Structure formats: structure tokens, C-alpha cells
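Residue strings, one per chain:
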Amino acid sequence: MSSQDTKAAPEFYRRSLPEGCIAFSSAEGKTIFKEALESGHMGCYFKMAAQFSTQSEPAFCGLTTLVMILNALEVDPGKIWKSPWRWYNENMLECCVPFKIIKEKGITDDQFICMAGCNSLEAESTRVDDTASIETFRDHVARLSKQDDQFIALSYSRKTLGQTGDGHFSPVGGYHPDRDLVLVMDTARFKYPPHWVPLVTVWEAMKPLDKSTGKPRGYCILSNIEKSSTPSTCSCDKTLSSALPVDKGSGTLADEYQPIMVN
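Computed from a prediction, not measured in an experiment: that's the story for all the values here.

The next point concerns the sheet that holds strand β4 (residues 121-127). Reading across from one edge, β1-β8-β7-β6-β5-β11-β4 is the order of the 7 strands in this open sheet, with antiparallel pairing throughout. Among the strands making up the open sheet, the edge pair consists of β1 (22-23) and β4. Examined bridge by bridge, strand β7 (residues 181-184) and strand β8 (residues 195-198) share 4 bridges and lie antiparallel to one another. Each bridged residue has a counterpart across the sheet, and for valine 184 the counterpart in β8 is histidine 195. Helix-sheet contacts for helix α1 (residues 27-39) involve β1, β6 (167-176), β7 and β8, and the interaxial angle to β6 is about 60°. On the sheet, helix α6 (residues 134-144) packs against β4, β5 (150-157), β6, β7 and β11 (218-224) and is oriented at approximately 135° with respect to β5.

Turning our eyes to something else, we now look at the packing of aromatic side chains. Inspection of every chain in the model, using the stated rule, returns 9 aromatic pairs. Taking the centre distance of 6.5 Å and the plane angle of 40° together, the rings of phenylalanine 24 and tryptophan 196 count as tilted. Here tryptophan 196 lies in strand β8 and phenylalanine 24 lies in the loop between β1 and α1, a separation of 172 residues in the sequence. Under the relative-accessibility criterion, tryptophan 196 is labelled buried at 0%. Ring plane angle 80° and centroid distance 5.2 Å describe the contact between tyrosine 45 and phenylalanine 46, whose orientation is recorded as edge-to-face. For tyrosine 45, a relative accessible area of 14% translates into the label buried. Three or more aromatic residues joined by ring pairs form one cluster here, namely Phe24, Phe33, Tyr45, Phe46 and Trp196. In this structure, arginine 189 is placed above the aromatic ring of phenylalanine 52, and the distance from its NZ or CZ to the ring centre is 4.2 Å.

How each quantity is defined
- Residues numbered from 1 in each chain as written.
- Predicted model: local features only at pLDDT ≥ 70, side-chain atom pairs only at ≥ 80, totals over all residues.
- Heavy atoms only, no water.
- Pairing = 2+ DSSP bridges.
- Helix = DSSP H or I, 4+ residues; strand = E, 2+ residues; numbered from the N terminus.
- Contact = heavy atoms within 4.5 Å.
- Axes fitted to C-alpha atoms, helices over the stretch in contact; angles between N-to-C directions.
- Phe/Tyr/Trp six-rings, centres within 6.5 Å; stacked < 30°, edge-to-face > 60°.
- Buried < 20%, exposed > 50% of the residue type's maximum accessible area, 1.4 Å probe, protein only.
- Lys NZ or Arg CZ within 6 Å of the ring centre and 35° of its normal.

This is the structure in C-alpha cells:
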């Protein structure tokens, strides 16, 4: 096959935020930040910003979200990252699901919750189904944005936000109560910067069913059970978890480009 017959693989340098998403670093985004800070609803931001990371693999949005929160909550992993330092990194979260599968397919909401529990976090999860309440979600965001000992992880569909791709995880970094805007600390910074989104839109984005589980997505409140230098252990059945289908939109591939798709 000649070089002329070989099609070059598509490549991208970031994406423009769609209407309705306000870039954190824009003039308007800075004004929103200032007002939210003055309102007292950026308490969660500083520890989260100190640990803000770009996911190292297209399927790692769930892992990166969890790593950011673990390090923001100052959880000691009890094992070496790079000698002599103990510190959480995505590559240290090979539990609940074999790492090879995570790298290829990402993780589901249930697997995210399982990993959190295996790493000394208490997880209070809510699926956005017919029994869930947007007012309860708003109360959680308003309350937890004022503090830095609990954080909210979102699992949502990018499509609802008008973004390319589908299933995605990212943590909440703040809230503007007057404008009802949530700061989404997007872990795929190679694609979209952190941005402000209407809380109602975030709520609607958590409703679409995850194709791999047949369940809606949702949000998870994470807090530190107990600081400890004792290594976390995982008792999960990896045989079962490896057989569980995972929504490729949750990390690896989405409706970005056919046949190549990017989270």
C-alpha cells in the first residue's frame, strides 16, 4: 500500500466550549469566580485546584477525578508512588477492575464508588432517576461548595452540555448561587478547560442512561473516613468486574470522530 493510500489518523487540538458553558479563564468566568468567592461558595475550590490534574489517558476521567479528590482530602495511600513519596496517582488505582480494562474502557459509576471505598473514602452516591430531586442536588452543591472536607464527583453525559463525546467524570470546583452555576473541573483539559455550567443543565446531563449498565448516571459525595498510613486493600472480585461491560463513552471512545472517538 502506497503512502498516498494510507489515510492520516485524525488529530485534534482542544475543542471550543459550546454555548451555555462559560470558560473559567474568560472575562465572564473570572467575574463569576469573584462573585462566587464573595458569596462563600468557593470553599471547595482551593484544595481541588491545588490537585487539578489532566487525565493521562482518554479513558481515565474516572480515575483522575478520584485521584484529585483523594489528594485534596489528604488521604495517605500507605504505599510508595515514587520513592520515597507516598502520593496518589492514576496508576495506583488498579483495584475493582483490571487496569488493562480501565485503560481501554474506563469505569462505571458503581466501579468508581467501589474504588473510592477501597481507598479509604466514604461515598454517598445518587443516581439521577425518577426518585432523585434537583433541589436536593442543589442543596448539596450549595452546602459542600462552602467547605473543603467533602467533594462532589459528577458522572454525566457530555452530549447534554452540547460537547463532543458522551459519558464523563469530573469534580465540582465551586458554585455561584445567584446565577445557579456549577464549576466543572473538567479532567480532560486537552479537550475542554474548566467551565461554569447551569446547575439545571448538569442535572439533565446526569439523566441519560449509561449504555453499559442501563442505569442513569449521577453524582457522588466523597469524604475521608480516616487518615491512615495503613495500605488500602481491595477485596473486589476482579473476575466479575472484568466481565462487566463498560460504556466506552465513559472514558475511551465517544461520538468525536468515526471510527476514532475521543472522550
